[in-house]
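# A look at the structure
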Amino acid sequence: MEKYRLIKEIGDGTCGVVYKALDLQTNDVVAIKKMKRKYFFWEDCMNLREVKALRRLDHCNIVKLKEIVRENNELFIIFEYMECNLYEVMRERVTVFSEEEIRNLMSQMLQGLSYMHKNGFFHRDLKPENLLVTNGIIKIADFGLVRETMSKPPYTDYVSTRWYRAPEVLLQSSSYTSAIDMWAVGAILAELFTLSPLFPGESETDQLHKICAVLGTPDGSIWPEGMNFLRANHFNFFQFPPANIADIIPNASSEAIDLILQLCSWDPLRRPTAEQSLQHPFFHVKTWVPYPLKDPYYPRLNQTVSGATPKLELNLWDFGAEPDDSFLGLTLAVKPSVSDLGITVLLRFSGPMCTIILLAPDISGSQCYEQCAG
Ligand SMILES: Nc1ncnc2c1ncn2[C@@H]1O[C@H](COP(=O)(O)OP(=O)(O)OP(=O)(O)O)[C@@H](O)[C@H]1O
C-alpha cells in the first residue's frame, strides 16, 4: 500500500472504512475501502460479492473498481474517487431540486441499474448514501449485498436499509427479485422532491405502517401473493386508505407521481423494470437530454465538451489509449445525425464493451446510452 498516501477518512460503513487517498504513481485521487475483517486467502477476496460483481460491471453510472490489494491479511479495495454521496447532497440543499435536475439524476441511476440488472446482478441496498456524486454525475456504489439474479433463493441474509426496503423483504419473502431495487428507486425519487424520506419507519412494523399510510393497505386484488406473506407472518395491517401523493409531494408533476406510484407498487410484479422506467413519460419532456456534460474522470470527454464547436468528422487520431488502468479508452467523434442540436457522438470502448455517448454542447446535458458487445 506504499503506492498510496491516505488523505482522510470519508466513510465508515458496516464492512469497511473508506479513505480518500492519492495514488503516488499516477497522481489520481482514489477511494480506498479497508475491509474490517481479515482476509487470509486471495480466494476469499476474489469471492467477495462486491469484488466479483464490480469486476464484471463497467458502466459510467457504476463506481469503478481500480485495484484490490491484500497486505498483512488486510484487504483494500481501491475505487475511483467520488466527491460525495446523494444523502450529503440532499442534506446540504437549501432549496428543492428542480424537476429537470431530478430527471437527470434519476436517468443516470436507472441507466446504471438497468445495465446491472441486465448483467445479472441486483443491488439489494440502494439508498442515497450508496449513490455517489461528482459534478452532477451519479454512480451506484457499495455492492456488498449484491446478488446474482440467477442465484437460487432462498435469500435469507439481511437486506437493505429499512427506509428503502421493499414490502416483500419486510414480510420476509425469501424469493424476492430485482424488483426490490425498483422499490428503492421509487422511494429515492420521492425523496429527491421533498428532501425527506417517504417511508421513515422506526422499526420493521412501523415501516410497513408508514408504507400503508401512504399507499393504502393492500388487499388480494392489489397484491395477491402478499396476502400469503401476511398470513405467514401473522401480520395485521392497520386499515389505511391511500393518501393523495400530490399532497405529500406537492412539487412533483403528475408524471413524476405516476412513476413513483408505479415503482412503489406493493406487488413486485407490477413495478416497472429500470429499462421500462426510462421509457416513462416523466423522462420524455421536450428536448431534454439527460446526463451532465462534465465528467472529470474522462478528460477526452471534457475536451470535446469544452471545445466551442463539436467535432463533425471521424478523427482516426482520436483512437489513443487513455492513461486509465481500469479500461482502454478510445474515443471516436462522428458527424451528428441531429444537426441543429450539434450533438457529438462518442464511442468509448472498454474491452469488448462500447459506450455510446451523445454530447449536446449547447443544451443542458448529454445522453449515455446502453453498452453493447463487440
Ligand atoms: N468511491 C468512493 N468515493 C468517495 N466516497 C466513497 C466511495 N465509496 C464509498 N464512499 C463513502 O464511504 C461510505 C461507505 O462506503 P460503503 O457504503 O461502500 O461501505 P460499507 O461498509 O459497505 O457501508 P454500508 O454500511 O452502507 O454497507 C459511502 O456512503 C460514501 O460516503
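Above this text you will find the structure in question.
The structure presented is a predicted model; accordingly, all values stated were derived computationally and were not measured.

## A short note on the pairing of strand β8 (residues 131-134)
Both faces of the sheet carry side chains from a regular strand, because those side chains alternate between them. Residues Leu131 and Val133 line one face of β8 and the alternating positions Leu132 and Thr134 line the opposite face, and both faces are buried. Note: strand β6 (residues 84-85) against β8, 2 bridges, orientation antiparallel. Counterpart to Cys84 in the pairing with β8 is Val133. Counting the residues that bridge the hairpin from β8 to strand β9 (residues 137-140) gives 2 residues, and of these Asn135 lies at a positive phi of roughly 50 degrees.

## Things to note about the sheet that holds β6
Taken in spatial order, the 3 strands make up an open sheet running β6-β8-β9, and their pairing is antiparallel. With partners counted over all chains shown, the strands left at the sheet margins are β6 and β9, one partner each. Lying over the sheet, helix α4 (residues 99-118) contacts β8 and β9, oriented at roughly 35 degrees with respect to β9.

## Focus: unusual backbone geometry
In this structure, Asn27 is a non-glycine residue whose phi angle is positive, near 70 degrees. With respect to the helices and strands, the residue Asn27 is situated in the loop between β2 (16-23) and β3 (29-35). Residue Asn135 is not a glycine yet carries a positive backbone phi of 50 degrees. Among the structural elements, Asn135 can be located in the loop between β8 and β9.

## Focus on the environment of Phe193
Here Phe193 is to be found in helix α6 (residues 179-194). Residue Phe193 is classed as buried on the basis of its relative accessible area, which comes to 1%. Residues Phe193 and Ser254 lie 61 residues apart in sequence; the distance between their C-alpha atoms is 13 Å. Excluding residues within four positions of it along the chain, Phe193 makes contact with Val96, Glu99, Ile102, Ile249, Asn251, Ala252, Ala256, Ile260 and Phe282.

## Examining helix α10 (residues 254-263)
Along α10, the residues that are buried comprise Ala256, Ile257, Leu259, Ile260 and Leu263. When α10 is viewed along its axis, its buried side chains cluster within an angular range of 160 degrees and face the same direction. Elements that come into contact with the buried residues of α10 comprise α4, α6, α9 (245-248) and α11 (274-278).

## A word on the site of the ligand
Around the ligand there are 20 residues in total, and Thr14, Cys15, Lys33, Glu80 and Asn85 lie nearest to it. Note that an oxygen atom of the ligand is positioned 2.9 Å from one of the side-chain N or O atoms of Asp142. Out of a free accessible area of 610 Å², the ligand has 88% covered by protein chains. Mapped onto the shell around the ligand, the elements with two or more residues apiece are β1 (4-12), β2, β3 and β5 (74-80). When grouped by side-chain class, the residues that make up the shell around the ligand number 9 nonpolar, 6 polar and 5 charged.

## Let's talk about the pattern of salt bridges
Here the structure, examined in full by the defined rule, presents 18 salt bridges. For Glu92, the salt bridge identified is with Arg91, shortest N-O distance 3.1 Å. A salt bridge links Asp267 to Arg270, with the shortest nitrogen-to-oxygen separation between them at 4.0 Å. Connected through shared salt-bridge partners, Lys3, Asp23 and Glu67 make up one network.

## Let's talk about the sheet that holds strand β4 (residues 65-71)
Pairing between the strands of a sheet comes from backbone hydrogen bonds, and it takes one of two forms, parallel or antiparallel. Reading across the sheet, the 5 strands line up as β1-β2-β3-β5-β4 and stay open at both edges, with antiparallel pairing between neighbours. This sheet does not close on itself; its edge strands, each paired only once, are β1 and β4. Mean inter-strand twist for the sheet, computed between neighbouring axes without regard to direction, equals 25 degrees. In the sheet, β2 pairs with β3 via 7 bridges, with the strands oriented antiparallel. Within the sheet, the bridge partner assigned to Ala21 lies in β3 and is Val30.

## Describing the side chain of Asp58
The residue Asp58 is located in the loop between α2 (49-56) and β4 in this model. For Asp58, the side chain forms a polar contact with the side chain of Lys64, separated by 3.0 Å.

The rules behind the values
Residues numbered from 1 in each chain as written. Predicted model: local features only at pLDDT ≥ 70, side-chain atom pairs only at ≥ 80, totals over all residues. Heavy atoms only, no water. Buried < 20%, exposed > 50% of the residue type's maximum accessible area, 1.4 Å probe, protein only. Helix = DSSP H or I, 4+ residues; strand = E, 2+ residues; numbered from the N terminus. Pairing = 2+ DSSP bridges. Contact = heavy atoms within 4.5 Å. Axes fitted to C-alpha atoms, helices over the stretch in contact; angles between N-to-C directions. Arc of directions from axis to C-beta. Near = heavy atom within 4 Å. Polar contact = N/O pair within 3.5 Å; in protein donor to acceptor, adjacent residues only side chain to side chain. Areas by Shrake-Rupley, 256 points an atom, 1.4 Å probe, with all protein chains shown as cover. Nonpolar A, V, L, I, M, F, W, Y, C, P; charged D, E, K, R; others polar. Salt bridge = Lys/Arg side-chain N within 4 Å of Asp/Glu carboxyl O.

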